[in-house]
Amino acid sequence: MKVNVHAVNFTADRKLVDFVQERMNKLEKYDDKIVASDVFFKVENTSEKENKTVEIKIHVPGDDFIVKKQCKTFEEGIELASESLERLVVKRKEKIRAHI
């Protein structure tokens with residue numbers, strides 16, 4: 001799966017990009033038809049501690065899934081967003097299987 005990482009107004013370090021790639025590759029074990037994913041990192045200018053936004057968009061033939069999470073760290077946001085995507089992908093696959 002091709003993973004595109006977009007860091008808005010800052011540069012993502014190699015460690016963060018590798019972490020994203022690793023988590024996105026885990027999604028492939030739930031559905032091997034995932035074509036690509038776009039990961040967006042944004043830092044909000046607020047006084048709150050949870051000012052980091054992670055938005056993941058995955059492309060599956062026939063569907064696109066978008067999950068957005070706001071957390072204290074990007075790693076935590078990636079974990080939560082990828083867990084949500086796992087549930088969405090599994091749910092979609094079960095729905096398709098039910099119609100066959």
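Here the structure is shown first, and the text comes after it.
Residues numbered from 1 in each chain as written. Predicted model: local features only at pLDDT ≥ 70, side-chain atom pairs only at ≥ 80, totals over all residues. Heavy atoms only, no water.

Focus: the sheet that holds strand β2 (residues 36-43)
Stage number 1. An order of β1-β2-β3-β4 is seen for the four strands of this open sheet, with the pairing classed as mixed. A strand with exactly one partner marks an edge of an open sheet, and here the two such strands are β1 (2-7) and β4 (63-71). The mean angle between the axes of side-by-side strands here comes to 15°, regardless of whether they run parallel or antiparallel.
Stage number 2. By the bridge criterion, eight bridges tie β2 to strand β3 (residues 52-60) in an arrangement that is antiparallel. Note on β3: the bridge partner recorded for S37 is I58.
Stage number 3. Each of β1, β2 and β3 is contacted by helix α1 (residues 14-27), which is oriented at about 140° to β1, the strand it contacts most.
Stage number 4. Where helix α2 (residues 74-99) meets the sheet, its contacts fall on β2, β3 and β4, and the angle it forms with β4 comes to roughly 150°. (Pairing = 2+ DSSP bridges. Helix = DSSP H or I, 4+ residues; strand = E, 2+ residues; numbered from the N terminus. Axes fitted to C-alpha atoms, helices over the stretch in contact; angles between N-to-C directions. Contact = heavy atoms within 4.5 Å.)

Here's the deal with the pattern of salt bridges
Stage number 1. Taken as a whole, this structure holds seven salt bridges when the rule is applied.
Stage number 2. The residue D31 makes a salt bridge to R92 at a minimum N-O spacing of 3.3 Å. In this pair, D31 sits in the loop between α1 and β2 while R92 sits in helix α2, placing the two residues 61 residues apart along the sequence.
Stage number 3. Under the relative-accessibility criterion, D31 is labelled buried at 3%.
Stage number 4. A relative accessible area of 14% places R92 in the buried class.
Stage number 5. Across the pair D63 and R92 runs a salt bridge whose closest N-O atoms are separated by 2.6 Å. Within this pair, whereas D63 is found in strand β4, its partner R92 is found in helix α2, the two being separated by 29 residues in sequence.
Stage number 6. Using a relative accessible area of 32% as the deciding quantity, one classes D63 as partly exposed. (Salt bridge = Lys/Arg side-chain N within 4 Å of Asp/Glu carboxyl O. Buried < 20%, exposed > 50% of the residue type's maximum accessible area, 1.4 Å probe, protein only.)

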